[in-house]
Amino acid sequence: MPSAPSFDQIEPPNGSTITYENGELNVPDDPIIPIIHGDGIGQDVGPAAQKVLQAAAKATGREINWMRVYAGASARDRYDGENLPQDTVDAIKHYRVAIKGPLTTPVGAGFRSLNVALRQTLDMYANVRPTYHLEGVPSPVKNPQEMNMITFRENTEDVYSGIEWKAGTEDVEKVKKFLVEEMGVGESLHDGPIGIGVKPITEFGTKRLVRRAIDYALENDRQTVTLVHKGNIMKFTEGAFRDWGYEVAEEEYGDEVITEDTLWEEREGELPEDAVVVNDRIADNMLQQILTRTDQYDVLAMPNLNGDYLSDACGAQIGGLGIAPGANIGDGLVLAEPVHGSAPKYAGQDKVNPTALILSGRLMFQLMGWNDAADLVKDSVEAQVASGRVTYDIERGIEGGVKLATSEFADEIVKRISS
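These notes cover the structure that comes with them.

1. Things to note about the overall build of the protein chain
Helix and strand counts for the protein chain come out as 14 helices and 17 strands. Based on the C-alpha atoms only, the size of the protein chain along its principal axes is roughly 65 × 60 × 50 Å. Counting only residues that meet the buried cut, the protein chain has 53% of its 419 residues in that class. Within the protein chain, residue pairs in contact and separated by at least 24 positions form 73% of the contacts whose partners lie at least 6 positions apart.

Written out as structure tokens, the structure reads:
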């Protein structure tokens, strides 16, 4: 395996390096995996998740060599005020698979968001969120078990591009003048102060995301990939996302993938067992569909803003973002992370639920090809929740529950894994 690079303030542990060849991660049984515990409650959920994941690795004959790296508050203490040190970026690039807790972007940090900065710096273009219900978790819907979707949200374009101009500035007046005088759109702009933003959606960015979604569906026996867009209104951005997505399906996969039109024209609507069906839905309608026809959807692929709304709405149906896992994926790179924030008012109290970070680690294992370890994590977490011995957020919503601290909850999961 390749030797570790020399980072200025990080001592690499013993272990082997994950490599990337021919579009595949090559994962040894003793990988070095960088971990950022995170800000706020990261100091509680980070170590809790770490010991659960290590236990699952050991139970399946493997060993994780954790490498602490830093971002946010923990980085500022070690890197003279830096929020995102180059050491951290270099470590994730080199070791290829990493996991992080929540980060808080401080005022005046120079970033809109530390999380977004990491994704864009590393070109992790797909934000992936699997949403499934754990037995015993309180939910606002009657049949939360019907939710079993995975969302692929484009991670570098759309609103994440950050191209906008503030009302009252010289720059926004230049843009406004161009739009009015050169592009002839003055009738669309009201008088007075105006903020202007641009939402780029490219063929390149769209197609690599949709490819990821279709590949996932094929590899994991999912039947549908749904392109979610607002192309009925935004025809040249979100409408283009839809069209480019269909081009990928029709031109690159042969008989493995069919479109919904083909499904009805040639198969009379009968879902095939041997192919993935690609269809599309308008974004606002899809917000209804995930409630009214939950079990009819498998994989959703969408531009950034739609993905933000839809993935959070899916998470609400299975009990909230506190248990929702996620990961950011690039070519040969994985950064697993929970969906929730850093909740600084609970920091250091050993009370919050570490499930989202633990299940993000489960997703990390799946992307590494460690499916046996991933299944062990999910089964053990679900058994723990079903036992009623849980952290306060779940305990307060169930009858006869026993409240555990973050560390106690993790320790009991470890016992289940090791038994």
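2. Considering the pattern of salt bridges
What the rule picks out here adds up to 22 salt bridges. A single network of salt bridges, built from pairs that share partners, joins Asp29, Arg62 and Asp372.

3. A short note on the pairing of strand E15 (residues 333–336)
Residues of E15 alternate between two faces, with Leu333 and Leu335 on one and Val334 and Ala336 on the opposite face, all of them buried. Two strands pair when backbone bridges link them, and strand E5 (residues 97–100) and E15 are joined in this way by three bridges, in the parallel orientation. Paired with Val97 across the bridge in E15 is Val334. Of the strand pairs in this sheet, strand E14 (residues 327–330) and E15 are connected by four bridges, and their pairing is antiparallel. Across the sheet, the residue bridging to Ile329 is Val334, located in E15. Linkage of E14 to E15, two consecutive antiparallel strands, is achieved through a turn of two residues, within which Gly332 is found at a positive phi near 75°.

4. Concerning unusual backbone geometry
Even without being glycine, Asp80 reaches a positive phi, approximately 50°. Mapped onto the secondary structure, Asp80 falls in the loop between helix H2 (73–78) and helix H3 (86–95). Of note, the phi angle at Asp123 is positive, near 50°, even though the residue is not glycine. Tracing the backbone through its elements, the reader meets Asp123 in the loop between helix H4 (114–121) and strand E6 (126–132).

5. Let's talk about helix H6 (residues 203–219)
Over its 17 residues, H6 extends 24 Å from the first C-alpha to the last, a length consistent with the 24 Å expected when each residue adds 1.5 Å. Within the span of H6, buried status applies to Gly205, Thr206, Lys207, Arg208, Leu209, Val210, Ala213, Ile214, Tyr216 and Ala217. Of the residues one or two after H6, Asp221 is the one with positive phi, at around 55°.

6. Considering the side chain of Thr259
Within the secondary structure layout, Thr259 lies in strand E11 (residues 257–259). With relative accessibility at 8%, the residue Thr259 sits in the buried group. Beyond its immediate chain neighbours, meaning those up to four positions away, Thr259 contacts Tyr246, Glu250, Val277 and Val278.

7. A closer look at helix H14 (residues 406–418)
Since the α-helix packs 3.6 residues into each turn, any two residues three or four apart lie on the same face. For H14, built from 13 residues, the straight-helix expectation of 18 Å at 1.5 Å per residue is met to within 8% by its first-to-last C-alpha distance of 19 Å. Looking at H14, one finds that the buried residues are Thr406, Phe409, Ala410, Glu412, Ile413, Val414 and Ile417. Structurally, H14 contributes buried residues whose contacts are with helix H1 (42–59), helix H11 (355–368), helix H12 (371–386) and strand E16 (389–390).

8. Regarding the sheet that holds strand E10 (residues 224–229)
The sheet built from 11 strands is open, its strands ordered E4-E3-E5-E15-E14-E6-E7-E13-E10-E12-E11 with mixed pairing. Every interior strand has two partners, whereas the edge strands, strand E4 (65–68) and E11, have only one. Direction aside, neighbouring strands of the sheet carry axes that sit 25° apart on average. Two strands pair when backbone bridges link them, and strand E3 (residues 32–36) and E5 are joined in this way by two bridges, in the parallel orientation. Considered in E5, the bridge of Ile36 is made with Lys100. Along the sheet, H1 contacts E3, E4 and E5; its crossing angle with E4, the most-contacted strand, is approximately 160°.

9. Considerations on a negative patch on the surface
Together, Asp255, Glu256, Glu270, Glu273 and Asp274 make up a negatively charged patch on the protein surface. Classification of Asp274 by relative accessible area gives exposed; the value is 60%.

10. Structural notes on the packing of aromatic side chains
Under the counting rule described, the total for this entry stands at three aromatic pairs. Here the aromatic rings of Phe365 and Trp370 are separated by 5.4 Å at their centres, their planes lie at 40°, and the arrangement is tilted. Over the aromatic face of Tyr70 sits the side chain of Arg78, whose NZ or CZ is 4.0 Å from the ring centroid. For Lys351, the ring lying beneath its charged end belongs to Tyr392, and the centroid distance is 4.4 Å.

11. Brief notes about the packing of H11 against H12
With their axes 7 Å apart at the nearest point, H11 and H12 run at an angle of 160° to one another. Regarding the angle of H11 to H12, the classification is roughly antiparallel. In the packing of H11 onto H12, the handedness of the crossing is left-handed. Side by side, H11 and H12 meet where Thr355, Ile358, Leu359, Arg362, Phe365 and Gln366 of the first sit next to Asn371, Ala373, Ala374, Asp375, Val377, Lys378 and Val381 of the second. By residue class, the composition of the contact of H11 with H12 is seven nonpolar, three polar and three charged.

12. Some remarks on the environment of Arg362
With respect to the helices and strands, the residue Arg362 is situated in helix H11. Look at Arg362 and you get buried, because its relative accessible area is 10%. Each C-alpha atom of the pair Arg362 and Val69 lies 20 Å from the other, and the pair is 293 residues apart in sequence. Within the structure, the side chain of Arg362 is placed 3.4 Å from the backbone oxygen of Ala374, a separation counted as a polar contact.

About the criteria used
Sequence order sets the numbering: in each chain, residues are counted from 1 along the sequence as written. Selection of residues for local features in this predicted model requires a pLDDT of at least 70, selection of side-chain atom pairs for listing and counting requires 80 or more, and totals for whole chains, interfaces and linings are taken over all residues. Think of the side-chain values as coming from all heavy atoms in the structure, minus any hydrogens and water. A run of H or I in DSSP counts as a helix once it spans at least four residues, and a run of E counts as a strand once it spans at least two, with each numbered from the N terminus. Partly exposed residues are those whose accessible area sits between 20% and 50% of the maximum for their type, while under 20% is buried and over 50% is exposed, using a 1.4 Å probe and protein chains only. Residue contacts are defined here by distance: any two heavy atoms, one from each residue, within 4.5 Å place the two residues in contact. Every case where a carboxyl oxygen of Asp or Glu lies within 4 Å of a side-chain nitrogen of Lys or Arg is listed as a salt bridge. Two strands qualify as a pair provided that DSSP identifies no fewer than 2 bridges between them. Multiplying 1.5 Å by the residue count of a helix minus one yields the expected span of that helix. Note on geometry: axes are lines fitted to C-alpha atoms, helical ones only across the stretch in contact, with angles between N-to-C directions running from 0 to 180 degrees. To count toward a patch, a residue needs a relative accessible area over 30% and no salt bridge; like charges are then connected within 9 Å, while nonpolar side chains (Val, Leu, Ile, Met, Phe, Trp, Tyr) are connected within 5 Å. Using a 1.4 Å probe, accessible areas were evaluated by the Shrake-Rupley method; residue-level cover was limited to the displayed protein chains. Counted charges follow a simple rule, with Lys and Arg positive, Asp and Glu negative, and His plus the chain ends left uncounted. Lys charges are placed at NZ, Arg charges at CZ, Asp charges at CG and Glu charges at CD. Between rings of Phe, Tyr and Trp, where Trp is taken as its six-membered ring, a pair exists when centres lie within 6.5 Å; planes separated by under 30 degrees are stacked, by over 60 edge-to-face, and by other angles tilted. Note on criteria: charge over ring means Lys NZ or Arg CZ within 6 Å of the ring centre, with the direction from the centre no more than 35 degrees off the ring normal. Small angles under 35 degrees read as roughly parallel and large ones over 145 as roughly antiparallel, with 65 to 115 read as roughly perpendicular and the rest as oblique. Crossing handedness is read from the near helix: turned anticlockwise from the far helix by less than a right angle, it gives a left-handed crossing, and turned clockwise, a right-handed one. Under this grouping Gly is polar, as are all residues other than the nonpolar Ala, Val, Leu, Ile, Met, Phe, Trp, Tyr, Cys and Pro and the charged Asp, Glu, Lys and Arg. As used in this structure description, the phrase polar contact means that two N or O atoms lie within 3.5 Å; if the pair is within protein, one of them must be able to donate a hydrogen and the other to accept it, and residues adjacent in sequence are counted only when both atoms belong to side chains.

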